[in-house]
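# Examining the three-dimensional arrangement
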Amino acid sequence: MTARAGRWATVIGTIESVQKDPDGYLGIALLRLQDGTEVQARNVSLDKWSSFQGRLVNVISRVEQVEVDDKIAFELSGWYALNTVEG
């Protein structure tokens, strides 16, 4: 993910949770990639993303590298294209 920071990428992972963002009316989704990496997507539609919870999806978005509690983390930001990988 580090190589993709600051760039657009297709991210494939399972949506583990979708929660209301305390700073707004949209949500924050947590995706877990196959290698165990966690990626957050901010400002997502609660209804749409919740309907994919527990499912494997691909998301096209801009990847940002952020620091959380002195650790490197990754967030998806901006516009999202969300599709299921499973049938």
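Here goes a summary of the coordinates provided. (Residues numbered from 1 in each chain as written. Predicted model: local features only at pLDDT ≥ 70, side-chain atom pairs only at ≥ 80, totals over all residues. Heavy atoms only, no water.)

### Focus on the pattern of salt bridges
Per the stated rule, a full pass over the model turns up four salt bridges. Put simply, Glu 75 and Arg 42 hold a salt bridge, and the shortest N to O gap is 3.0 Å. Taken together, the residues span a long stretch of sequence, with Glu 75 in strand E5 (residues 71-84) and Arg 42 in strand E3 (residues 38-44) at a distance of 33 residues. In this structure, the salt-bridge partner of Arg 62 is Glu 64, at a minimum N-O distance of 2.7 Å. Residue Glu 64 is classed as partly exposed on the basis of its relative accessible area of 25%. (Salt bridge = Lys/Arg side-chain N within 4 Å of Asp/Glu carboxyl O. Helix = DSSP H or I, 4+ residues; strand = E, 2+ residues; numbered from the N terminus. Buried < 20%, exposed > 50% of the residue type's maximum accessible area, 1.4 Å probe, protein only.)

### A closer look at the side chain of Asp 21
Looking at the secondary structure, you find Asp 21 in the loop between strand E1 (8-20) and strand E2 (27-33). Here Asp 21 is buried and forms no salt bridge, its nearest opposite-charge partner Arg 42 lying at an N-O distance of 4.2 Å. Residues within four places of Asp 21 in sequence aside, it is in contact with Leu 26, Gly 27, Ile 28, Arg 42 and Asn 43. (Lys, Arg positive; Asp, Glu negative; His and termini not counted. Contact = heavy atoms within 4.5 Å.)

### Considering the side chain of Ser 17
By the secondary structure assignment, Ser 17 is in strand E1. For Ser 17, a relative accessible area of 19% gives the class buried. Ignoring any residue separated from it by four or fewer positions in sequence, one finds Ser 17 in contact with Ile 28, Ala 29, Leu 30 and Gln 53.

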